[in-house]
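# Descriptive structure summary
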Amino acid sequence: MDAVAAVRRARFPYVNAALFAATAVTTLWAGAQLGELPQAGNAVAQVVLGGLPFAAAILGILVCHEMGHYLLGRAYGVDSTLPFFIPVPFGFGTFGAVIRIRSAMPTRRAVIDIGAAGPIAGFVVAVPLLAWGLAHSEIRAVGEGAAQASNVGSPFAILRALWLHQELRGGGGLQMMGDSLVTWGVAKLVVGALAPGFDVFLHPVALAAWLGLFVTTLNLIPIGQLDGGHVTYALLGRRGAFWVSRAVSLGLLGFGIFASWNWLIWWLITLFGVGLRHPPALVEEPLGPGRKLLAVVSLLLFLATFIPVPIAV
């Protein structure tokens with residue numbers, strides 16, 4: 001088995017490199033739509049230079065997140081792949097990245113170290129990028145059109161509007177990025193209080209950092225084999241982690257129905273794609289005090305980055 005793993009590591013990762021290159025292209029294109037394009041140069045140079053701040057920021061956060069997993073996995077002798085980036089030709093240009101673990105985790109200590117390394121690494125990179133991006137963002141009047149918010153942001157909102165015989169108002173207005181405790185706190189420190197009728201129009205780097213922190217939230221949800229599921233399994237064992245997964249899954253369903261469609265979609269993905277159970281490590285010894293503290297810090301990081309309504313119109 002060691003010889004097979006060595007051959008796997010020795011091969012050039014053509015698929016990983018191709019997906020990373022494709023994601024670089026799609027995020028450059030997405031970034032070019034977000035910012036102002038330079039006037040000089042041909043069309044390709046304008047897209048590259050205009051999209052580079054967003055693309056470099058989001059790729060930097062994703063690389064740090066996934067390499068945190070990969071390097072800790074290598075340190076524990078876990079057979080895992082390099083990151084597979086997921087390019088998409090619309091929206092923000094990417095659906096993130098994943099690594100594939102091809103061998104069992106040796107211990108619960110390894111599970112929490114590998115699971116927590118990615119979100120913490122991404123968070124450490126995203127926060128200063130958010131501060132820099134906010135410092136270079138514009139503050140503008142939002143106008144009267146922003147006062148009439150969408151009432152189709154969740155199934156409950158639609159039912160409420162129909163019950164009250166209200167007109168259904170959907171997209172077409174300003175896209176508002178929701179705040180977590182972290183993004184709210186950084187904005188207060190960097191931007192300060194805003195006058196009524198004004199809002200922050202995010203610099204592409206700030207938007208990339210917001211997305212990076214949202215990726216941290218999604219990964220730290222304590223369900224199944226997500227990073228947060230690794231943390232709760234290492235802390236509580238298989239039975240305890242399974243009951244936490246079930247409770248959190250119901251919580252996601254509740255947020256999806258009453259707060260935002262975003263969480264309803266993620267509830268479906270975690271329930272049918274990720275699953276609620278975590279596979280056992282080869283050795284299921286309990287954690288020491290230091291790693292229990294790491295587990296608590298990771299779960300607090302999830303709460304600090306959680307956004308009840310991530311995107312609204």
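Conventions adopted
- Residues numbered from 1 in each chain as written.
- Predicted model: local features only at pLDDT ≥ 70, side-chain atom pairs only at ≥ 80, totals over all residues.
- Heavy atoms only, no water.
- UniProt positions renumbered as here; feature names shortened; annotations may be inferred.
- Helix = DSSP H or I, 4+ residues; strand = E, 2+ residues; numbered from the N terminus.
- Areas by Shrake-Rupley, 256 points an atom, 1.4 Å probe, with all protein chains shown as cover.
- Phe/Tyr/Trp six-rings, centres within 6.5 Å; stacked < 30°, edge-to-face > 60°.
- Buried < 20%, exposed > 50% of the residue type's maximum accessible area, 1.4 Å probe, protein only.
- Salt bridge = Lys/Arg side-chain N within 4 Å of Asp/Glu carboxyl O.
- Pairing = 2+ DSSP bridges.
- Arc of directions from axis to C-beta.
- Contact = heavy atoms within 4.5 Å.
- Polar contact = N/O pair within 3.5 Å; in protein donor to acceptor, adjacent residues only side chain to side chain.
- Core = buried A, V, L, I, M, F, W, Y, C linked by side-chain atoms within 4.5 Å.
- Expected span 1.5 Å × (residues − 1).
- Bend = angle between axes of the 7 residues up to and from the residue.

By the naming in an unreviewed UniProt entry, the protein goes by Peptidase M50 domain-containing protein and is assigned to Anaeromyxobacter paludicola. Under the UniProt heading Subcellular location (unreviewed entry), the note attached to the protein is "Membrane".

## What to know about the overall build of the protein
A tally of helices and strands in the protein yields ten helices and six strands. Accessible surface computed for the protein: about 16300 Å², of which carbon and sulfur atoms make up 68%.

## Here we look at the packing of aromatic side chains
All told, the structure shown has nine aromatic pairs when counted by the stated rule. Between Trp210 and Phe214, the ring centres sit 5.5 Å apart and the planes meet at 25°, which makes this aromatic pair stacked. Here Trp210 pairs with Phe214, and both are found in helix H7 (residues 204-220), just four residues apart, close to one helical turn. Take Trp210: its relative accessible area is 4%, and that puts it in the buried class. Residue class for Phe214 comes out buried when judged on its relative accessible area of 14%. Ring centres of Phe214 and Trp263 lie 5.8 Å apart, and the angle between their planes is 65°; on these two criteria the pair is classed as edge-to-face.

## Some thoughts on the pattern of salt bridges
Scanning the entire structure with this criterion turns up four salt bridges. Here Arg102 makes a salt bridge to Asp79, at a shortest N to O gap of 3.3 Å. Of this pair, Arg102 sits in the loop between strand E2 (94-98) and helix H4 (108-135) while Asp79 is found in the loop between helix H3 (43-75) and strand E1 (84-87), placing the two residues 23 residues apart along the sequence. A relative accessible area of 30% means that Arg102 is categorised as partly exposed. Close ionic contact of Glu285 with Arg109 constitutes a salt bridge, the shortest N to O distance being 3.2 Å. Of this pair, Glu285 sits in the loop between helix H9 (261-274) and helix H10 (289-305) while Arg109 sits in helix H4, and the two are 176 residues apart along the sequence. Classification of Glu285 as buried rests on a relative accessible area of 16%.

## Re the pairing of E1
Of the strand pairs in this sheet, E1 and E2 are connected by three bridges, and their pairing is antiparallel. Bridging from a neighbouring strand, Phe85 pairs with Ala97 of E2. Between E1 and E2, which pair antiparallel in sequence order, lie six residues; one of them, Gly91, sits at a positive phi of approximately 60°.

## Re helix H6 (residues 181-190)
Listed in full, the buried residues belonging to H6 are Val182, Thr183, Val186 and Ala187. For H6, the angular spread of the buried residues around the axis is 125°, confining them to a single face. Seen from the buried face of H6, the exposed residues on the opposite side, beyond 90 degrees, are Leu181 and Leu189. In this structure, the buried residues of H6 make contact with H4, H7 and H10.

## Notes on the environment of Thr305
Assignment of secondary structure puts Thr305 in helix H10. Put simply, Thr305 and Phe123 are 182 residues apart on the chain and 9.4 Å apart in space, counted from C-alpha to C-alpha. Those residues in contact with Thr305, other than ones at most four positions away along the chain, are Phe123, Ser180, Val182, Leu213, Thr216 and Thr217. Here the side chain of Thr305 touches Leu301 through a polar contact of 2.9 Å, landing on its backbone oxygen.

## Notes on the nonpolar core
With 31 residues, the main nonpolar core has Phe54, Ile58, Ile221, Ile223, Leu252, Trp263 and Trp266 as its most contacted residues. Listing elements by their share of this core, those giving two or more residues are H3, H7, helix H8 (227-258), H9 and H10. Filtering out sequence-adjacent residues up to four positions away, Trp263 remains in contact with Phe214, Thr217, Leu218, Ile221, Leu252, Phe255, Gly256, Phe306, Ile307, Pro308 and Pro310. Val78, Ala234, Ala241 and Ala281 belong to the second-largest nonpolar core, a separate cluster that totals 13 residues.

## As for H3
Under the 1.5 Å per step criterion, the end-to-end length of H3 is 45 Å for 33 residues, consistent within 8% with the ideal 48 Å. The principal kink in H3, of about 55°, is found at Leu52, preceding the proline Pro53 by one to four residues.

## Regarding the side chain of Ser137
Mapped onto the secondary structure, Ser137 falls in the loop between H4 and strand E3 (138-141). For Ser137, a relative accessible area of 15% puts it in the buried group. At 2.8 Å, the side chain of Ser137 forms a polar contact with the backbone nitrogen of His203. Each residue touching Ser137, except ones within four places of it in the same chain, is listed here: Val200, Phe201, Leu202, His203 and Ala206.

## Quick notes on the UniProt feature "transmembrane region" (unreviewed entry) in the protein
Look at the UniProt record and you will see "transmembrane region" (unreviewed entry) annotated at residues 12-31, 43-62, 111-134, 201-226, 247-273 and 293-312. Taken end to end, residues 201-226 is 65% helix and 4% strand, and its first and last C-alpha atoms sit 32 Å apart. Here residues 293-312 is 65% helix and 10% strand, with 35 Å between the C-alpha atoms at its ends.

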